[in-house]
Amino acid sequence: MLCIIKSTVRCLRSRTWYYGAFQTNTELRSGWARLMCSTTIQKNLEEMVKKEKVVVFIKGTPAQPMCGFSNAVVQILRMHGVDIYGAYNVLDDQDLREGIKTFSNWPTIPQVFFNGEFVGGCDILLQMHQSGDLVEELQKLGIRSALLDREKEA
């Protein structure tokens, strides 16, 4: 019973959810406690992705990305002059890391959201940047890409 209480408290504190295959009764009870708060967790994640026009879930922080893919996302946003965005470090919380994967139905980190809608990961953001689609998507958000200003200067 203590295991269930601890898992529930952990789930509520982290505001995230994870569900997976469990091998033992202890893991099953722990998973059950997490599952109990899954609705709350999904709602919290929904609120998180809507806090800013642009939200990213990365490994590390924008100031210190801890993986190449997260760094690429941060650099692409910087190139476009996107300075204000929500950033969540999934390395700080394993439940957040797994919860966002469930929420978006996307298996990898980083993850990028525009106006609460899942855009994709590093590869998709890079393709959007290379094709020019990112400039258009940012304009839809009311964000003027810094690349437009650089083109005028050239």
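No experiment lies behind these values; they were computed from the predicted model shown.

Asks: How should the overall build of the chain be read in this particular structure?
Replies: When its secondary structure is counted, the chain shows 8 helices and 4 strands. For the chain, the α and β elements follow one another from N to C terminus as α-α-α-β-α-β-α-β-β-α-α-α. Residue burial in the chain is summarised as follows: out of 154 residues, 44% are buried. Long-range contacts, defined as pairs at least 24 residues apart, comprise 62% of the intrachain contacts of the chain with a sequence gap of at least 6. Accessible surface, the chain: about 8900 Å² in total, of which carbon and sulfur atoms supply 52%.

Asks: For this particular structure, what's the right way to read the nonpolar core?
Replies: The tendency in soluble globular proteins is for nonpolar side chains to be buried as a group. Among the nonpolar cores identified, the biggest contains 18 residues, and Val54 and Phe114 are the most heavily contacted of them. Here Val54 is in contact with Leu77, Val82, Tyr85, Gly86, Phe113, Phe114, Leu141 and Ile143, once residues within four sequence places are set aside. By size, the runner-up hydrophobic cluster in this structure holds 12 residues, among which are Ile41, Phe57, Ile100 and Phe113.

Asks: In this structure, what is going on with the packing of aromatic side chains? I would like to understand it.
Replies: The relation between two aromatic rings is expressed through the spacing of the ring centres and the mutual angle of the planes. Using the criterion set out here, one finds 5 aromatic pairs in the structure. Judged by centre distance (5.8 Å) and plane angle (75°), the ring pair of Phe57 and Phe113 falls under edge-to-face. Separated by 56 residues along the polypeptide, Phe57 in strand 1 (residues 54-58) and Phe113 in strand 3 (residues 111-114) bring together distant segments of the chain.

Asks: Looking at this structure, I do not really get the state of the cysteines. What am I missing?
Replies: The term disulfide refers to a covalent linkage connecting the sulfur atoms of a pair of cysteines. This model, assessed by the stated rule, comprises 0 disulfides. Of the cysteine sulfurs around Cys67, a residue in no disulfide, the closest is that of Cys122, at 7.9 Å.

Asks: Any chance you could explain the packing of helix 4 (residues 68-79) against helix 6 (residues 122-131) here in plain terms?
Replies: Each packed pair of helices is defined by two parameters, the angle between the axes and the distance between the axes. For the pair helix 4 and helix 6, the least separation of the axes is 9 Å and the interaxial angle reads 30°. The pairing of helix 4 with helix 6 is recorded here as roughly parallel in orientation. Once helix 4 is placed against helix 6, the crossing between them reads as left-handed. Of helix 6, the residues touching helix 4 (which contributes Phe69, Ala72, Val73, Ile76 and Met79) are Cys122, Leu125, Leu126 and His129.

Asks: Hey, could you run me through helix 6 in this one?
Replies: Structurally, the α-helix is built with 3.6 residues per turn, so residues lying three or four positions apart point the same way. The complete set of buried residues in helix 6 reads Cys122, Leu125 and Met128. Axial view of helix 6: buried residues confined to an arc of 130°, hence all on one face. Opposite its buried face, helix 6 presents the exposed residues Gln127 and Gln130, each directed more than 90 degrees away. Buried residues belonging to helix 6 abut helix 4, strand 3, strand 4 (117-120) and helix 7 (133-140).

Asks: Whenever I open this one, the sheet that holds strand 4 confuses me. Can you help?
Replies: For sheets, the rule is that strands pair by backbone hydrogen bonds, running either parallel or antiparallel. Strands sit in the order 2-1-3-4 across an open sheet of 4 strands; the sheet is mixed. Looking along the sheet, the strands with just one partner apiece sit at the ends: strand 2 (86-89) and strand 4. Geometrically, the sheet is characterised by an average inter-axis angle of 25° between neighbouring strands, direction not taken into account. Of the strand pairs in this sheet, strand 1 and strand 2 are connected by 4 bridges, and their pairing is parallel. Across the sheet, the residue bridging to Val56 is Ala87, located in strand 2. Seen against the sheet, helix 4 touches strand 1 and strand 3 and runs at an angle of roughly 160° to strand 1.

The rules we used
Residues numbered from 1 in each chain as written. Predicted model: local features only at pLDDT ≥ 70, side-chain atom pairs only at ≥ 80, totals over all residues. Heavy atoms only, no water. Helix = DSSP H or I, 4+ residues; strand = E, 2+ residues; numbered from the N terminus. Buried < 20%, exposed > 50% of the residue type's maximum accessible area, 1.4 Å probe, protein only. Contact = heavy atoms within 4.5 Å. Areas by Shrake-Rupley, 256 points an atom, 1.4 Å probe, with all protein chains shown as cover. Core = buried A, V, L, I, M, F, W, Y, C linked by side-chain atoms within 4.5 Å. Phe/Tyr/Trp six-rings, centres within 6.5 Å; stacked < 30°, edge-to-face > 60°. Disulfide = S-S within 2.5 Å. Axes fitted to C-alpha atoms, helices over the stretch in contact; angles between N-to-C directions. Parallel < 35°, antiparallel > 145°, perpendicular 65-115°, else oblique. Left-handed = near helix turned anticlockwise from the far one by under 90°. Arc of directions from axis to C-beta. Pairing = 2+ DSSP bridges.

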